[in-house]
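# Residue-level structure breakdown
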Amino acid sequence: MIDPRETRPGTRVVHAGQRPEPTTGAVMPPIFLSSTYAQDSPGVHKGFDYTRAQNPTRYALERMIALLEGSTISEETDPSCGGFAFSSGMAATSLILDLLDQGSRVVTGDDLYGGTHRLFKQVRERSQGLQTIPVDLTDTKNFEDAMTSDTAMVWLETPTNPLLKVIDLEAIVRIAKAKNPNTIVVCDNTFATPLNQRPLLLGCDIVMHSATKYLNGHSDCVAGLLATSDPELADRIRFIQKSAGPVLSPFDSYMVLRGVKTLDVRMQRHNESGLSIARWLESRSDMERVVHPGLLSHPQHEIAKKQMTGFGGMITIFVEGGIDRARTMLERVKVFALAESLGGVESLIEHPAIMTHASVPPDQRAELGISDSLIRLSVGIEDPADLIADLEQALA
Ligand code: P1T
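Quick look at the structure, then. Sequence positions are assigned chain by chain, starting from 1 and proceeding in written order. Owing to the predicted nature of the model, reporting of local features is limited to residues with pLDDT of at least 70; listing and counting of side-chain atom pairs is limited to 80 or more, with chain, interface and lining totals taken over all residues. As a rule here, side-chain values come from all non-hydrogen atoms in the structure, and water together with hydrogens is ignored.

### Description of helix α12 (residues 322-332)
To be explicit about the condition: Categorising residues by exposure relies on relative accessible area from a 1.4 Å probe, with only protein chains included: less than 20% of the type maximum marks a residue as buried, more than 50% marks it as exposed, and the intermediate range marks it as partly exposed. We count a stretch as a helix when DSSP gives it H or I for four or more residues in a row; a strand needs E for two or more, and each element gets its number in order from the N terminus. Our arc is simply the arc of the directions from the helix axis toward the C-beta atoms. Contacts are assigned to residue pairs with any non-hydrogen atoms lying within 4.5 Å of each other.
The complete set of buried residues in α12 reads A326, M329 and L330. The buried residues of α12 occupy an angular sector of 95° when the element is viewed end-on, so they sit on one face. Pointing more than 90 degrees away from the buried face of α12 are the exposed residues D324 and E331. Close packing links the buried residues of α12 with β9 (314-319), β10 (337-338), β11 (348-350), β12 (374-378) and α14 (384-395).

Dropping the structure here:
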């Protein structure tokens with residue numbers, strides 16, 4: 001078997017973390033459903049004792065995300081190479097917060113998925129005394145002011161959900177580590193995927209994914225993934241994964257592994273169609289603003305070019321005519337489905353203020369600019385001409 005670290009991303013997504021199953025030669029990793037494993041003598045086993053702690057199908061997926069994100073941990077040191085799989089993106093996020101002590105200070109981006117905001121503010125502030133300080137990280141000066149020597153974690157998304165702000169990861173890591181070398185910098189890489197951006201290589205400590213989105217890619221499974229290159233962090237994550245138990249099932253591990261094999265070809269299409277549809281939308285006279293990291297008008301386009309190899313299929317638009325026009329458009333689409341979520345082969349469209357970000361308080365939404373005229377599009381892999389025709393008739 002070739003070392004996946006020596007291959008390019010398009011090869012890695014097909015093979016990384018997997019090898020033909022030794023007893024049969026099965027090319028696809030079997031779905032090992034067994035919850036427990038026979039031992040030769042008490043405590044003497046083949047590296048597997050109970051599926052919450054270890055599962056061969058989950059290990060294959062965990063190695064896959066670790067290798068895609070460029071983790072340097074070897075399989076000899078760690079059977080999952082610093083990759084971890086959970087029952088949802090939120091379960092993965094929750095596990096990362098379990099790395100922190102009671103009362104820890106966390107600097108976060110100001111624009112986060114609504115569910116992440118809810119977990120930080122409405123659950124962990126109460127249960128863990130977490131202090132979260134939201135900051136607009138597009139201006140590193142803001143971050144320099146907010147980052148302190150007692151900040152235990154920095155949590156950010158880039159591009160962000162739903163405003164598609166792009167954060168300079170190298171700059172954030174540099175500032176964070178200068179103030180506190182032990183702070184843990186976490187990047188939610190869901191919108192970019194490891195095909196477009198690899199935060200570990202830019203100095204981040206942990207990469208998090210809602211694998212429900214692009215990685216699985218087919219809107220038929222909910223999953224979360226983590227990757228790290230730091231063996232000590234990997235040990236701590238493994239300990240909490242086993243202790244708290246929010247693991248991904250063997251079946252869903254298989255689903256994500258199957259989906260991820262086409263990630264490279266899917267992302268090529270998402271990247272191309274995302275940019276061409278964003279350009280088409282921007283050329284219309286009835287848009288207040290169109291946001292996509294690949295547009296020259298994007299305020300952080302230069303940073304996007306520096307740290308991303310593609311700009312993805314997410315587009316955020318502000319339509320003229322406010323909530324009434326937005327609602328009419330969302331009711332009229334025929335190829336796009338009006339639904340939460342993103343990153344699947346099918347195109348989705350949604351209204352963050354009412355749907356995915358309803359849990360962000362209205363005053364904060366207003367401050368951030370998540371207005372009633374904001375619509376979020378997840379451009380799928382359909383023929384882009386059909387997608388444009390659909391948007392055109394919905395906006396007419
Ligand atoms: O849905 P789940 O797999 O638990 O992942 C949560 C999550 C985490 N991070 C980001 C950036 C996300 O977008 C999400 C989930 N987001 C949606 C469901 C959505 O429509 O935005």
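Structure shown, so let's carry the discussion forward.
### Describing the environment of N182
Summarising the element assignment, N182 is placed in the loop between α6 (169-179) and β5 (184-188). Overall, the relative accessible area of 66% leaves N182 in the exposed class.

### Describing the site of the ligand
Basically, it comes down to this: Note on terminology: near, applied to a residue and a molecule or strand, indicates that one of the residue's heavy atoms is within 4 Å of it. What qualifies as a polar contact is a pair of N or O atoms within 3.5 Å, subject to a donor-acceptor requirement within protein and to the restriction that residues adjacent in sequence count only when both atoms come from side chains. Residue-level accessible areas treat just the shown protein chains as cover; the underlying method is Shrake-Rupley with a 1.4 Å probe. Three categories are distinguished: nonpolar for Ala, Val, Leu, Ile, Met, Phe, Trp, Tyr, Cys and Pro, charged for Asp, Glu, Lys and Arg, and polar for the others, with Gly belonging to the last.
Near the ligand you find 20 residues, and of these D188, S210, T212, S341 and R376 are the closest. Within the contact set of the ligand, an oxygen atom lies 2.8 Å away from a backbone nitrogen or oxygen of S341. When the ligand sits alone it has 480 Å² of accessible area, and the protein chains cover 93% of it. Mapped onto the shell around the ligand, the elements with two or more residues apiece are α3 (89-97) and β6 (206-210). Class assignment for the residues of the shell around the ligand results in 7 nonpolar, 8 polar and 5 charged.

### A word on the sheet that holds β10
This is how it is decided: Strand pairing is assigned whenever DSSP identifies at least 2 bridges connecting the two strands. In this analysis an axis means a line fitted to C-alpha atoms, helices contributing only their contacting stretch, and an angle means the value between N-to-C directions, from 0 to 180 degrees.
The mixed open sheet is built from 5 strands, whose spatial order is β8-β9-β12-β11-β10. Each edge of the open sheet is held by one strand with a lone partner, namely β8 (287-291) and β10. One ladder, built from 3 bridges, connects β11 with β12; its direction is antiparallel. Counted as the bridge partner of L348 is S378 from β12. Those strands touched by helix α10 (residues 263-282) are β8, β9 and β12, and its axis lies near 10° from that of β9.

### Digging into the environment of I167
The topology assignment puts I167 in the loop between β4 (151-157) and α6. Look at I167 and you get buried, because its relative accessible area is 3%. Remark: the alpha-carbon pair of I167 and H209, spanning 42 residues in sequence, is separated by 17 Å. In this view, I167 contacts L137, T138, L156, E157, T158, T160, I172, I303 and Q307; residues no more than four positions away in its chain are not counted.

### Things to note about the environment of M64
Structurally, M64 is set in helix α2 (residues 56-68). Among the residues examined, M64 registers a relative accessible area of 1% and is labelled buried. Sequence separation between M64 and S283 is 219 residues, and the spatial gap between their C-alpha atoms is 40 Å. With sequence-adjacent residues up to four places away left out, M64 is seen in contact with R12, V13, V14, A16, G17, Q18, L257 and V260.

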